[in-house]
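Below, each chain spelled out in residue letters.
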Amino acid sequence: MNNNYLKNGCIGLLSFFIFISGCRKRDAPLPDNLIQFETNEQGLAANSSTLTVKLKLTRATDKDIPVSLNLSMIGLTYATDFTTIPVATNGIMAITIPGGNNEASFTITKKAGILFDGDEKIIFNIASSAAPLIIGTTKEFSVTFAELVALNSSIIIDGGGATYGNKVFIDLSANKQQSVIRSNWDLGFYTTADSFRVVLNSSSAMMAKQINKNDLNAVNATDTIGFHNEVVFNLAAPLASALPYIDYPDGDLSKTAIASISASAADNKVYIINRGSVIGNNAASRGWKKIRIIRNVSGGYTLQHADIGATTFQEIQIAKDEAFFFKYISFENRMIEVEPAKKKWDIAWTYFSNVTNFGGGEVPYLFQDIVLSNRNVSIAKVLSAVKPYLDFAETDLTAQTFSSSQTGIGSDWRSGGGPNSSPAVRTDRYYIIKDGDNNYYKIRFTSLTKNGERGYPAFEYTLVKRGG
């Protein structure tokens, strides 16, 4: 055989393998795209009629994907005791994951007037999905028709990624999280009957300054001279003089930027509002407003609001509602749902208007992922060197000192994040949470990221003592 032929053939074969190897290196396959439930169980409380359940994908699809769920029931009859959207037929529910999406959901609705014993349950199982999806490990989800007090679980918080776009409310006993886009609202109105307090949206860097006027129509741009340098978060050089214009982060309602709403309308002054910024890197300003708040004849609030230069204003009436701590408004969309009812959340994760001290006193400081507690929740910190997490038990509760500050966890759960260090979860501590039903949980944070992306921290928790 011709040696040149062999030589050329070998060279050609070698080139082919190099080409194939290069292709494989450049075109490495993506990890499996899993479909699974967001969690494995939830409770549908006696005073709730509907529940939304989510199916999550590892990443968005490029086409519509059909998924089939099997339903099995314990002590329940479909259409008699409950219904679903989409409707199930013969115990099978068909759902479509729309192209470009990484999740889909369905709702369960209890029939009105039905009495439940508390041990009724629906079990959903992912039966099949079209390619390229693969069914993940959390393929079964159960819901009980009484409030579920979770014994233990772990949660990856859906904070919206590296722009921290969501504020996430977490109910430990129901093993549930609820997200809201953090720039969706502007003001929160306290609903307790004997108190009239208003809070800013501290998740969008809002500020408010009172001026000595009562007539909103008499306020114009000349009343705001200097405000662009004063009523603003100065990230390069935070100013102590701006501190009165934010709500103090511990949640004390006597330290809000807006004073208590007086029963005497004449005492309620106009405020100039810096609405902070939209979500995203190098985020744009949400603009400025002028507002005045008075009490209305129904025992709630009247909010007057307008653009700075306007000569007329709009009004929104906000009624008290004892089921919630706050009711919320958006200047564009009026009344809007934000946080769940009083006993339907324990902690919240969010971007936040915090304070810090660089040596010259406290200054306003934007913190990317703080953990806040509800007003009916108290928090204690435990160092692992004193009592390891796995060893903490009910008998250890009496030795703890609990705080009612909404920043009882706050920024303490992670370290670093300044100009000279990267943030990391602190593994030398964990927290005890006493919820509004006197359930005690121990909770420790396990991750700051998901697949290396910020905005998806994780924690685990265990019930230490069930409330009476």
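This one's a predicted model, so the numbers in the text were calculated from it and none came from an experiment. (Residues numbered from 1 in each chain as written. Predicted model: local features only at pLDDT ≥ 70, side-chain atom pairs only at ≥ 80, totals over all residues. Heavy atoms only, no water.)

Q: Sorry, what's going on with the overall build of the protein chain here?
A: Broken down by element type, the protein chain carries 2 helices and 30 strands. Expressed as lengths along the three principal axes of its C-alpha atoms, the size of the protein chain is roughly 105 × 65 × 55 Å. The buried share of the protein chain, reckoned over its 468 residues, is 45%. If you take every contact in the protein chain between residues at least 6 apart in sequence, the share linking residues at least 24 apart comes to 63%. Across the protein chain, the mean location of the 45 positive side-chain charges is 4 Å away from that of the 43 negative side-chain charges. (Helix = DSSP H or I, 4+ residues; strand = E, 2+ residues; numbered from the N terminus. Buried < 20%, exposed > 50% of the residue type's maximum accessible area, 1.4 Å probe, protein only. Contact = heavy atoms within 4.5 Å. Lys, Arg positive; Asp, Glu negative; His and termini not counted. Charge placed at Lys NZ, Arg CZ, Asp CG, Glu CD.)

Q: What is the right way to read the pattern of salt bridges from this model?
A: Between side chains of opposite charge, pairing is possible as soon as their charged atoms come close. Under the defined criterion, the tally for this structure stands at 21 salt bridges. The salt bridge partner of glutamate 103 is lysine 56, with a shortest N-O separation of 2.5 Å. Of this pair, glutamate 103 sits in strand S7 (residues 103-110) while lysine 56 sits in strand S3 (residues 50-57); the two residues are 47 residues apart in sequence, bridging distant segments of the chain. In this structure, aspartate 437 engages lysine 343 in a salt bridge whose closest nitrogen and oxygen atoms are separated by 3.2 Å. In this pair, aspartate 437 is assigned in the loop between strand S28 (429-434) and strand S29 (440-450) and lysine 343 in the loop between strand S22 (334-336) and strand S23 (347-357), connecting sequence segments 94 residues apart. (Salt bridge = Lys/Arg side-chain N within 4 Å of Asp/Glu carboxyl O.)

Q: Explain the pairing of strand S12 (residues 166-171) to me, please; I cannot follow it from the model alone.
A: Remark: a regular strand shows side chains that alternate across the two faces of the sheet. Burial runs high along S12: 6 of the 6 residues are buried. Neither face of S12 is exposed, since Asn166, Val168 and Ile170 on one face and Lys167, Phe169 and Asp171 on the opposite face are all buried. One ladder, built from 6 bridges, connects S12 with strand S13 (residues 176-181); its direction is antiparallel. Pairing of valine 168 across the sheet is with serine 179, part of S13. Hairpin connection of S12 to S13: 4 residues between the antiparallel strands, including asparagine 175 at a positive phi of 55°. (Pairing = 2+ DSSP bridges.)

Q: Could you clarify how one ought to interpret the sheet that holds strand S21 (residues 326-330) in this entry?
A: Strand order in the open sheet made by the 4 strands is S15-S14-S21-S22, with antiparallel pairing throughout. Edge positions in the sheet fall to strand S15 (198-200) and S22, since each of these pairs with one other strand and no more. For this sheet the average axis-to-axis angle between neighbouring strands, irrespective of direction, equals 35°. (Axes fitted to C-alpha atoms, helices over the stretch in contact; angles between N-to-C directions.)

Q: Is there a simple way to explain the sheet that holds strand S6 (residues 92-97) in this structure?
A: Pairing between the strands of a sheet is mediated by backbone hydrogen bonds and can be parallel or antiparallel. Taken in spatial order, the 5 strands make up an open sheet running S2-S10-S8-S4-S6, and their pairing is mixed. Every interior strand has two partners, whereas the edge strands, strand S2 (41-43) and S6, have only one. Direction aside, the axes of adjacent strands within the sheet are offset by 25° on average. Bridging between S2 and strand S10 (residues 140-144) involves 3 bridges; their strand directions are parallel.

Q: Is there a simple way to explain the environment of arginine 275 in this structure?
A: With respect to the helices and strands, the residue arginine 275 is situated in the loop between strand S17 (270-274) and strand S18 (288-295). Separated by 70 residues in the primary sequence, arginine 275 and alanine 205 have C-alpha atoms spaced 7.1 Å apart. Sequence-distant contacts of arginine 275, defined by excluding residues within four places in its chain, comprise Asp186, Ser204, Met206, Arg286, Gly287, Lys289, Phe331 and Glu332.

Q: Just to check I follow, could you spell out the pairing of strand S16 (residues 207-211) for this structure?
A: Most of S16 is tucked away, with 4 of its 5 residues classed as buried. Pairing between S16 and S17: 5 bridges, direction antiparallel. If you follow lysine 209 over to S17, its bridge partner there is isoleucine 272.

Q: How should the side chain of serine 204 be read in this particular structure?
A: On the secondary structure map, serine 204 appears in the loop between S15 and S16. The buried category is assigned to serine 204, whose relative accessible area is 0%. Leave out the neighbours within four places in its chain, and serine 204 touches Arg182, Arg275, Gly276, Ser277 and Arg286.

Q: Explanation requested: the side chain of threonine 350 in the structure shown.
A: Positionally, threonine 350 belongs in strand S23. Of the polar contacts made by the side chain of threonine 350, one reaches the side chain of serine 203; its length is 2.8 Å. Setting aside chain neighbours within four positions, we find threonine 350 in contact with Asn166, Lys167, Ser203, Phe367, Gln368, Asp369, Ile370 and Leu372. (Polar contact = N/O pair within 3.5 Å; in protein donor to acceptor, adjacent residues only side chain to side chain.)

Q: It is not clear to me how empty space enclosed by the protein should be interpreted in this structure. Could you clarify?
A: Summary: where empty space remains is shown by rolling a probe the size of a single water molecule over the atoms. Applying the stated rule across the entire model yields 3 cavities of 30 Å³ or more. Roughly 370 Å³ of internal volume is contained in the largest cavity. Taken together, 26 residues line the largest cavity, and the ones lying closest to its centre are Lys167, Val199, Phe326, Tyr328 and Gln406. Of all the secondary-structure elements, those providing two or more residues to the lining of the largest cavity are S12, S15, S21 and strand S24 (362-373). Considering only residue class, the lining of the largest cavity consists of 13 nonpolar, 8 polar and 5 charged. (1 Å grid on protein atoms, 1.4 Å probe; cavity = no way out; pocket = protein on both sides within 12 Å on 5 of 7 lines; lining within 4 Å. Points joined across faces, edges and corners; volume = space filled by probe spheres on them. Nonpolar A, V, L, I, M, F, W, Y, C, P; charged D, E, K, R; others polar.)

Q: Would you take a moment to explain the confidence of the model for the protein chain for this structure?
A: Low pLDDT means the predicted atomic positions in that stretch should not be read closely. Looking at the protein chain, the pLDDT average stands at 91 and 93% of residues meet or exceed 70. Across residues 9-25 the pLDDT falls below 50, and counting only partners more than four positions away or on other chains, this stretch makes 0 contacts in the model. (pLDDT = per-residue confidence, 0-100.)

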